[in-house]
Amino acid sequence: VGSWNPSTSSWQILDYSDAYFTLAAAPDLNVSSFTASVSIVVVGAAMQLTANVNNAGNGTSAASTLRFYRSADNVINSSDTQIGTSAIPALIAGSTTGRGYLTQDTGPVGTWYFGACLDVVPNDPPGNNCTPSPVAVSVRTQNIFANGFE
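Bear in mind the structure is a predicted one, so any value in this text is a computation, not a measurement.

A. Structural context of the sheet that holds strand S3 (residues 29-36). One open sheet accounts for three strands, arranged S3-S5-S8; its pairing is antiparallel. Every other strand in the sheet has two partners, leaving S3 and strand S8 (96-103) as the edge strands with one partner each. Taking each pair of neighbouring strands and ignoring which way they run, the sheet shows an average axis angle of 20°. Across seven bridges, the pairing between S3 and strand S5 (residues 47-55) is antiparallel. Paired with Ala36 across the strands is Leu49, a residue of S5.

Have a look at this one:
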């Protein structure tokens, strides 16, 4: 039911219904944090990548896959070079799990960005399933700290 209010030049909506709405529970998986064990690495040397996955939704998620990527730019997505995966179990609402990945796939000399993306699960809103802030790692041909000089 509505009526025109000439003093405010607007419609006034009066709701006398007894309508109730139930919102379906849905997961919202995201990569809540991402780190690399180094900021400088020699080509082919090992480095540890670590991601925390959070279910910020109000429903339990299905199991998913966390995919680790190397990128030439600071936007991580599925078109980047995939360097590894880790299984993520179903997560209840509000829970977090961490995953580490040890890699020697540094890429060639240059600055590379590392991050992770989750496969979208049913009822999970797309758009926030990848690392929002990838980690830059400088890849070099030799260890400039080998003689102990910094």
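Okay, back to it.
B. How the structure looks around the environment of Val41. Looking at the secondary structure, you find Val41 in strand S4 (residues 40-42). The class of Val41 is buried, set by a relative accessible area of 5%. Along the sequence, Val41 and Arg140 sit 99 residues apart, while their C-alpha atoms lie 6.2 Å from each other. The contact partners of Val41, leaving out residues within four places of it in the chain, are Ala46, Met47, Thr106, Val137, Ser138, Val139 and Arg140.

C. Inspection of the state of the cysteines at higher detail. This structure, assessed with the given rule, holds one disulfide. Residue Cys117 pairs covalently with Cys130 via a disulfide, S to S 2.0 Å. Because the sign of the S-S torsion sets the handedness, a value of about 110° for the bond joining Cys117 and Cys130 places this disulfide among the right-handed ones. Taken together, the residues Cys117 in strand S9 (residues 110-118) and Cys130 in the loop between S9 and strand S10 (135-140) connect sequence positions 13 residues apart. What makes Cys117 buried here is its relative accessible area of 6%. The exposure class assigned to Cys130 is partly exposed, which follows from its relative accessible area of 26%.

About the thresholds
Residues numbered from 1 in each chain as written. Predicted model: local features only at pLDDT ≥ 70, side-chain atom pairs only at ≥ 80, totals over all residues. Heavy atoms only, no water. Pairing = 2+ DSSP bridges. Helix = DSSP H or I, 4+ residues; strand = E, 2+ residues; numbered from the N terminus. Axes fitted to C-alpha atoms, helices over the stretch in contact; angles between N-to-C directions. Buried < 20%, exposed > 50% of the residue type's maximum accessible area, 1.4 Å probe, protein only. Contact = heavy atoms within 4.5 Å. Disulfide = S-S within 2.5 Å.

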